[in-house]
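Survey of secondary and tertiary structure
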Amino acid sequence: MKGVLNLNKEPGMTSASAVARVRRILGERAVGHMGTLDPQGEGVLLIGVGKATRLFDFYLNKDKVYRATFTFGYATDTLDGDGAVIEDGRPIPEEAALRTALTKSVGAVEQMPPAYSAKSVGGVRAYRLARQGLTPQLTPKRVEIYSAKLLSFRSPAAEVEIHCSSGTYIRSICRDVAAMLGTVATMTAIKRTRCGAFTVDDAVTLTQLEMLGARALIPVETALAELPRVDAPDPLYASIANGVRVAIDAPDEPFTLYCRGELFGLGKHENGLVGVKTNLR
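**Some details on the overall build of the chain**
When helices and strands are counted, the chain shows 8 helices and 17 strands. Seen along its three principal axes, the alpha-carbon backbone of the chain occupies a region of about 70 × 40 × 40 Å. Within the chain, buried positions represent 46% of all 281 residues. For the chain, contacts bridging at least 24 residues in sequence account for 66% of all contacts bridging at least 6. By element, 48% of the accessible surface of the chain is carried by carbon and sulfur atoms, the whole surface being about 13,600 Å². When the 34 positive and 30 negative side-chain charges of the chain are each reduced to one mean point, those points stand 5 Å apart.

**As for the packing of aromatic side chains**
One pass over the structure, following the stated rule, counts 3 aromatic pairs. Seen from their ring centres, Phe 58 and Tyr 59 are 5.0 Å apart, and the 75° between their planes marks the pair as edge-to-face. Residue Phe 58 is classed as buried on the basis of its relative accessible area of 14%. Among the residues examined, Tyr 59 registers a relative accessible area of 1% and is labelled buried. When the centroid spacing of 5.3 Å and the interplanar angle of 70° are considered together, the rings of Tyr 237 and Phe 264 count as edge-to-face. Of this pair, Tyr 237 sits in helix H8 (residues 237-241) while Phe 264 sits in strand S16 (residues 262-270), and the two are 27 residues apart along the sequence. Residue class for Phe 264 comes out buried when judged on its relative accessible area of 1%. An aromatic cluster is built from Phe 58, Tyr 59 and Phe 198, whose rings are joined through pairwise contacts. Above the ring of Tyr 258, the side-chain terminus of Arg 229 is found at 3.6 Å from the ring centroid.

**Here's the deal with the sheet that holds strand S14 (residues 229-232)**
With mixed pairing, the 4 strands of this open sheet are ordered in space as S14-S15-S16-S17. Here the strands that pair on one side only, and so sit at the sheet edges, are S14 and strand S17 (273-279). With strand direction ignored, the average angle separating the axes of adjacent strands in the sheet is 45°. Taken together, the 6 bridges between S16 and S17 define a ladder with antiparallel strand orientation. Paired with Lys 268 across the bridge in S17 is Gly 275.

**Observations regarding the layout of surface pockets**
Considered as a void within the structure, the second largest pocket measures approximately 170 Å³ in volume. Every residue along the wall of the second largest pocket is listed here: Thr 53, Arg 54, Leu 55, Phe 56, Asp 57, Phe 58, Glu 253, Pro 254, Leu 266, Gly 267, Lys 277 and Thr 278. For the lining of the second largest pocket, the secondary structure elements donating two or more residues are helix H2 (56-60), S16 and S17. Of all the elements, H2 adds the most residues to the lining of the second largest pocket, at 3 residues. Taken together, the residues of the lining of the second largest pocket break down into 5 nonpolar, 3 polar and 4 charged.

**Observations regarding the nonpolar core**
Considering soluble globular proteins, one finds that nonpolar side chains tend to be buried as a cluster. Counting residues in hydrophobic clusters, the biggest one holds 40 residues, and the most contacted among them are Leu 5, Val 22, Ile 47, Phe 70 and Ile 170. If one sorts the elements of this core by residue count, helix H5 (residues 170-180) sits on top with 5 residues. Ignoring anything within four residues of it in the chain, the contact list for Val 22 reads Leu 5, Leu 7, Val 31, Ile 47, Leu 206 and Leu 209. Judged by nonpolar contacts, the second largest core, of 19 residues, contains Tyr 59, Val 220, Ala 223 and Leu 280.

**Remarks on the pattern of salt bridges**
A complete count under the given rule lists 13 salt bridges for this structure. One salt bridge in this structure joins Arg 21 and Glu 210, with 3.6 Å as the shortest N-O distance. Of this pair, Arg 21 sits in helix H1 (residues 15-26) while Glu 210 is found in helix H6 (residues 206-212), placing the two residues 189 residues apart along the sequence. Given a relative accessible area of 49%, Glu 210 falls into the partly exposed group. Here Glu 161 makes a salt bridge to Arg 67, at a shortest N to O gap of 3.5 Å. Of this pair, Glu 161 sits in strand S11 (residues 157-164) while Arg 67 sits in strand S4 (residues 64-72), placing them 94 residues apart in sequence. Accessibility expressed as a relative area gives 18% for Glu 161, which makes it buried.

**Some words on unusual backbone geometry**
Residues Ser 155 and Pro 156 are joined by a peptide bond in cis, for which omega reads 10°. Residues other than glycine seldom take positive phi values, yet Asn 271 does so here, at roughly 55°. In this fold, Asn 271 is placed in the loop between S16 and S17.

**Observations regarding H5**
Inspection of H5 places Ile 170, Arg 171, Ser 172, Ile 173, Cys 174, Val 177 and Ala 178 among the buried residues, and these make up the whole buried set. Elements that come into contact with the buried residues of H5 comprise S4, helix H3 (95-104), strand S7 (107-111), strand S10 (141-154), S11 and strand S12 (185-195). Gly 182 lies just past H5 and shows a positive phi near 75°.

The rules behind the values
- Residues numbered from 1 in each chain as written.
- Predicted model: local features only at pLDDT ≥ 70, side-chain atom pairs only at ≥ 80, totals over all residues.
- Heavy atoms only, no water.
- Helix = DSSP H or I, 4+ residues; strand = E, 2+ residues; numbered from the N terminus.
- Buried < 20%, exposed > 50% of the residue type's maximum accessible area, 1.4 Å probe, protein only.
- Contact = heavy atoms within 4.5 Å.
- Areas by Shrake-Rupley, 256 points an atom, 1.4 Å probe, with all protein chains shown as cover.
- Lys, Arg positive; Asp, Glu negative; His and termini not counted.
- Charge placed at Lys NZ, Arg CZ, Asp CG, Glu CD.
- Phe/Tyr/Trp six-rings, centres within 6.5 Å; stacked < 30°, edge-to-face > 60°.
- Lys NZ or Arg CZ within 6 Å of the ring centre and 35° of its normal.
- Pairing = 2+ DSSP bridges.
- Axes fitted to C-alpha atoms, helices over the stretch in contact; angles between N-to-C directions.
- 1 Å grid on protein atoms, 1.4 Å probe; cavity = no way out; pocket = protein on both sides within 12 Å on 5 of 7 lines; lining within 4 Å.
- Points joined across faces, edges and corners; volume = space filled by probe spheres on them.
- Nonpolar A, V, L, I, M, F, W, Y, C, P; charged D, E, K, R; others polar.
- Core = buried A, V, L, I, M, F, W, Y, C linked by side-chain atoms within 4.5 Å.
- Salt bridge = Lys/Arg side-chain N within 4 Å of Asp/Glu carboxyl O.

The structure is reproduced here in structure tokens:
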């Protein structure tokens, strides 16, 4: 069994729990998600099955779109609705000021991850340290926020749509936008509507997966169709299969490498030679 599952994760379950459910439903041991989604979050969670789990790095780096609710006036220790309230009674911004702050948040930024995050600090997850009452020594990470739009505002809650690079914390955007406005806010809902070319409209729920089984999987050939395709001449089949790099024309990475109509995997172009970077056979 091999393929990519576009799962519509329901809120209230961890990404690891979703993977465990998929593993049980499909009866396949090699299952892994390709970019975590907070327990509170719902929407697109890409899951690799079989050798498609090798595409983790490829999909982890895809841009993403989220719809989130920022509720102003109070803050929690986790920056989301699952945390303990640490500040309350702060001002609620005006809609015009909020629109301006969201616009100012767009661009390349050095973003400080939340204390309650999966970031590794000295080999320990930051959230584990935070739960012990310790302050994780986190460092800012450069991320790109491509757009930040206000969809609706019903005081004190604002629904926003964020298009961002991989590794961006929407909770941190909520915190930072509130700070621009001289107040605090908590992310009380989040839905990932797109990851790369995969959208929530095409995603399947766990209930649907139970009915569809392996039919719900997207073949790796289809999942990677967005990439340039290189077809090596038929006589080179054995060489490529044995890991030999061959002299053929290919674009810069990433691209898919085929021979005799068979997908070998993601290709690698180095020193004028082409070989398999990520084997999917």
